[in-house]
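Chain by chain, the residues:
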Amino acid sequence: MNPGLIAVMASGRGSNLSVILQAVKAGICPVDVRLVISNKADAGALDIARRAGVAEVFHINPGDYPDRAAYDIACGDAIERAGCRWIVLAGYMRILSSAFVQRFAGRIINIHPALLPSFIGADGVADALAYGVKVSGCTVHLVNEVLDGGPILAQAVVPVLDNDSFESLHARIQQEEHRLYPATLKRIIEDGFLLDGRRVIWHTPMSHLQNS
Ligand code: GRF
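Computed from a prediction, not measured in an experiment: that's the story for all the values here.

About the criteria used
- The residue numbers shown here count from 1 along each chain, following its written sequence.
- Restriction of local features to residues with pLDDT of at least 70 applies here, the model being predicted, together with a cutoff of 80 or more for giving and counting side-chain atom pairs; totals for whole chains, interfaces and linings are based on all residues.
- By convention in this description, side-chain values take in all heavy atoms of the structure and omit both hydrogens and water.
- By the criteria applied, helices consist of DSSP H or I runs no shorter than four residues and strands consist of E runs no shorter than two, each listed in order from the N terminus.
- Residue contacts are defined here by distance: any two heavy atoms, one from each residue, within 4.5 Å place the two residues in contact.
- We define proximity as follows: a residue is near a molecule or strand when any one of its heavy atoms falls within 4 Å of that partner.
- Here a polar contact means two N or O atoms within 3.5 Å. Within protein one must be a hydrogen donor candidate and the other an acceptor candidate, and residues neighboring in sequence count only if both atoms are side-chain atoms.
- Method for areas: the Shrake-Rupley scheme with a 1.4 Å probe, in which residue coverage is limited to the protein chains shown.

Turning our attention to the side chain of histidine 141. Within the secondary structure, histidine 141 sits in strand β6 (residues 135-142). Dropping the residues within four chain positions of it, histidine 141 is found in contact with Ile108, Ile109, Asn110, His112, Leu116, Asp148, Gly149, Gly150, Pro151, Ile152 and Leu153.

Structure (structure tokens):
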């Protein structure tokens, strides 16, 4: 299994996939996006992947499988066949089965549009806005069997402004996502980390990276 080979799973627009592919092309993110899977036939992510020349781009239709477990087995088999080391969730709007999470334990990464552990779930941006927090942001984390509950790899903070709408706050958060996701993937591949309980301890301290 090549350490830089990744599979991306996405359900929507695909802007995070797009910035990852751009960073790869620019030579600043040392991953090889070998496979893109979507559960939605009309996901923008599928077009983005095809246009970028990703080797394997699949719409895998949940309607073709009797249940979540069978669907996740099909996705997992495609990922294994492609030899991917990491599974990167980029707006993948399906809950993963426990069996899938166990099959790829410690190798699934997600980005969430809020500062975890606050505002888990599908409405992180709207929930943070409605709650009235003055900062929000995004979180890149490992996926475990708890919804949005895996160890935190990286976070970025943005202000919440008094005149923010859902759209303006989401746009500000996505700007940070687009910086943070490729940078975190690069760090995973180049430096690596170990886990101390829930804590992710990077092999190379951030201060070293900033000074180099
Ligand atoms: C992002 O905001 C991400 O945090 C969330 O889903 C959204 C996906 O956006 N998990 P895109 O499809 O990458 O544009």
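The subject of this paragraph is unusual backbone geometry. Residue proline 117 is reached from leucine 116 by a cis peptide bond, and omega for that bond is 10 degrees. At phenylalanine 119, a position not held by glycine, the phi torsion is positive, near 60 degrees. Of note, phenylalanine 119 is situated in the loop between β5 (108-112) and α5 (124-131). Of note in the backbone geometry, aspartate 148 takes a positive phi value of approximately 55 degrees without being a glycine.

Below, the discussion takes up the site of the ligand. Within the structure, the ligand sits among Gly12, Arg13, Gly14, Ser15, Asn16, Gly91, Ile111, His112, Pro113, His170, Gln174 and Glu177. Between the ligand and glycine 14 there is a distance of 2.8 Å, counted from an oxygen atom to a backbone nitrogen or oxygen. Residue proline 113 places a main-chain N or O atom 3.4 Å away from an oxygen atom belonging to the ligand. Here the ligand has 370 Å² of accessible area as a free molecule, and 88% of this is covered by the chains. Counting residues per element, the shell around the ligand draws most heavily on helix α6 (residues 166-190), at three residues.

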